[in-house]
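What the coordinates show
One-letter residues, chain by chain:
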Amino acid sequence: MKINGKNYRSVWLDADGWTVRILDQTRLPWRVEELRLETAEHAARAITTMQTRGAPLIGAVAAYGLALAMRVAPEALHETAQMLGRTRPTAINLAWALERMVARLAPLPPAARAAAAYDEAAAIADDDVETCRLIGAHGLPLLAEIAARRGRVNVLTHCNAGWVATVDYGTALSPIYQAHDAGIDVRVWVDETRPRNQGAALTAFELGAHGVKHTVVADNAGGHLMQHGEVDIVIVGTDRVTRQGDVANKIGTYLKALAARDNGVPFWVALPHSTFDPRVSDGVAEIPIEERAAEEVTHLTGPDADGVLRRVQVTAPGSAAANPAFDVTPARLVSGLITERGRCEASEAGLRGLYPEKF
Ligand code: MRU
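No experiment lies behind these values; they were computed from the predicted model shown. Counting of residues starts from 1 at the beginning of each chain's written sequence and follows it residue by residue. In view of the model being predicted, local features appear only for residues whose pLDDT reaches at least 70, and side-chain atom pairs are presented and counted only at 80 or more, with totals across whole chains, interfaces and linings using the full set of residues. Values reported for side chains reflect all heavy atoms of the structure, with hydrogen atoms and water molecules removed beforehand.

1. Here we look at the nonpolar core
For this analysis, a nonpolar core means a set of buried residues of the types Ala, Val, Leu, Ile, Met, Phe, Trp, Tyr and Cys, connected via side-chain atoms within 4.5 Å. Classification of residues uses two cut-offs on accessible area relative to the type maximum, computed with a 1.4 Å probe and protein chains only: under 20% is buried, over 50% is exposed, and between them is partly exposed. Within the largest apolar cluster, 41 residues are counted, with the highest numbers of intra-cluster contacts made by Val11, Leu37, Val61, Leu66, Met70, Met101 and Leu105. Those elements that place two or more of their residues in this core are β4 (20–23), α1 (40–48), α2 (55–72), α3 (77–85), α4 (92–105) and α5 (110–150). Leave out the neighbours within four places in its chain, and leucine 37 touches Thr19, Val20, Ile22, His42, Ala43, Ala46, Val61 and Leu68. Residues Met1, Leu23, Leu28 and Ile146 belong to the second largest nonpolar core, which totals 34 residues. The secondary structure listing takes helices from DSSP runs of H or I that are at least 4 residues long and strands from runs of E that are at least 2 residues long, numbered from the N terminus. Any two residues having at least one pair of non-hydrogen atoms within 4.5 Å are treated as being in contact.

2. Examining the sheet that holds strand β3 (residues 11–13)
A pair of strands is treated as paired once DSSP finds two or more bridges between them. The three strands are arranged β3-β4-β5 in an open sheet whose pairing can be described as antiparallel. A single partner strand is all that each edge strand has here, and the edge strands are β3 and β5 (34–37). Across the sheet, the axes of successive neighbouring strands diverge by a mean angle of 30°, strand direction being ignored. Sheet topology places β3 next to β4; three bridges connect them, and they run antiparallel. In this analysis an axis means a line fitted to C-alpha atoms, helices contributing only their contacting stretch, and an angle means the value between N-to-C directions, from 0 to 180 degrees.

3. With respect to the domain arrangement of the protein
In this document the domain limits rely on a domain assignment from an automatic tool or a database. On domain assignment, one finds that the protein holds domain 1 (2–127) and domain 2 (137–358). The centre of domain 1, based on its C-alpha atoms, is set 24 Å off from the matching centre of domain 2. Each partner contributes to the interface: domain 1 provides 32 residues, whereas domain 2 provides 38 residues. Here domain 1 packs against domain 2, burying approximately 2800 Å² in sum over the two surfaces, 56% of which is carbon and sulfur. Salt-bridge detection follows one rule: a side-chain nitrogen of Lys or Arg within 4 Å of a carboxyl oxygen of Asp or Glu. Where domain 1 meets domain 2, there are two salt bridges. Close ionic contact of glutamate 99 with arginine 279 constitutes a salt bridge, the shortest N to O distance being 3.1 Å. By the criterion applied in these results, polar contacts are pairs of N or O atoms within 3.5 Å in which, for protein atoms, one can donate a hydrogen and the other can accept it, and in which residues neighboring in sequence qualify only through two side-chain atoms. On the surface where domain 1 and domain 2 come into contact, there are 18 residue pairs in polar contact (both at pLDDT 80 or more). Joining two parts hides part of their accessible area as seen by a 1.4 Å probe, and the buried area is that hidden amount summed over both.

4. Quick look at the packing of α2 against α5
Axis angle and axis distance: for two packed helices, these are the angle between their axes and the distance between the axes, and together they describe the pair. One can describe the packing of α2 onto α5 by two numbers: an axis separation of 8 Å at closest approach and a directional angle of 170°. One finds that α2 runs roughly antiparallel with respect to α5. The handedness of the crossing between α2 and α5 comes out as left-handed. Of α5, the residues touching α2 (which contributes Pro56, Ala60, Ala63, Tyr64, Ala67, Leu68, Met70 and Arg71) are Arg113, Ala114, Ala117, Tyr118, Ala121, Ala122, Ile124, Ala125 and Asp128. Reported orientations rely on four angle classes, namely roughly parallel under 35 degrees, roughly antiparallel over 145, roughly perpendicular from 65 to 115, and oblique for the rest. Note on convention: the crossing is left-handed when the near helix lies turned anticlockwise from the far helix by less than a right angle, right-handed when the turn is clockwise.

5. Things to note about the sheet that holds strand β7 (residues 186–191)
Strand order in this open sheet of seven strands is β8-β7-β6-β9-β12-β17-β18, and the pairing throughout is mixed. Either end of the sheet is taken by a strand with one partner, and the two such strands are β8 (213–217) and β18 (342–344). Across the sheet, the mean angle separating the axes of adjacent strands is 25° when strand polarity is ignored. Judged from the three bridges that link them, strand β9 (residues 233–236) and strand β12 (residues 267–270) form a sheet pairing that is parallel. Counted as the bridge partner of valine 234 is phenylalanine 267 from β12. Each of β6 (153–157), β7 and β8 touches helix α7 (residues 198–210); the most contacted strand, β7, lies at about 160° to it.

6. Observations regarding the side chain of aspartate 24
With respect to the element layout, aspartate 24 can be found in the loop between β4 and β5. Counted as positive: Lys and Arg. Counted as negative: Asp and Glu, with His and the chain ends omitted from the count. Buried and without a salt bridge, aspartate 24 has arginine 27 as its closest oppositely charged side chain, separated by 4.8 Å. Among all residues touching aspartate 24, those that are not within four sequence positions of it are Glu33, Leu35 and Gln51.

Structure representation (structure tokens):
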């Protein structure tokens, strides 16, 4: 990804060879600020506060967090992995990355763990980049086919599943970038994605930086747009896909899927292998849904007319607020899954066809 002409990944190793750098996503798009992580606790805090976020990215940052810990306390491998694993419950990529790290490091003598941990974290990050590039390649034909019929393609997306949610390229946005780069007239409806506004802030920022035409809409506008033929396809990312193809994603995704089904609009979900959780079947019953602070609902942050970042209250003082951060879209509402290995039906048979080794 490029920001102001500078190439970025969303997590990278500093020139000193050991500290870890991320972009502070609580400041984007108003400030492009890099954060320096020196300990596993720094990494855990960055994940909890959502300075770094997005399912694939939190996996990669946690992997680097474990590498930071291995420099100073290699014998505390399991405790540190557990501490990092408790930061956010819904996205399976976190557990996936930590399990991969522990499997590589546990058999090694403590003195050998730090070097191997950096090596494995880098492999996880590099794998995510290539995986997301391939998701784009496999999603591109869906957009190309609509554009061939209609002259252009209108996509609706929810939350942020772009390059800042992954190490690079994104999942749901990767086909959009590839379509744009291929000269397809692609336009994107960007759900604002309350309460934290990942769509209005991050997806809009990314698409703008890449030159993709886009329009931010209030979360509740999608159904209306679909009724009036303004949406050709919905593509979203995901935090966990179950064995039977249920999809956990940012709160509000389920309502978009319902509206899409009612209006005959295809509803596709883009995921990397690290988001597939074959150990869970019924997403509604089994996926833990993160409940975040009420302040995310009651307050908003943004720049005032002088560019100073301010936090303002938007709810009546004293009113309680609830903040479930994700919901589950049942497989029956999903038109299909876009992965790095190709596209498939959102079902056990579809997933088994692409990921036989996971069953
Ligand atoms: O709470 P967030 O911002 O981490 O939630 C992010 C999402 O819901 C994304 O859609 C999902 O992680 C896929 S990112 C490629």
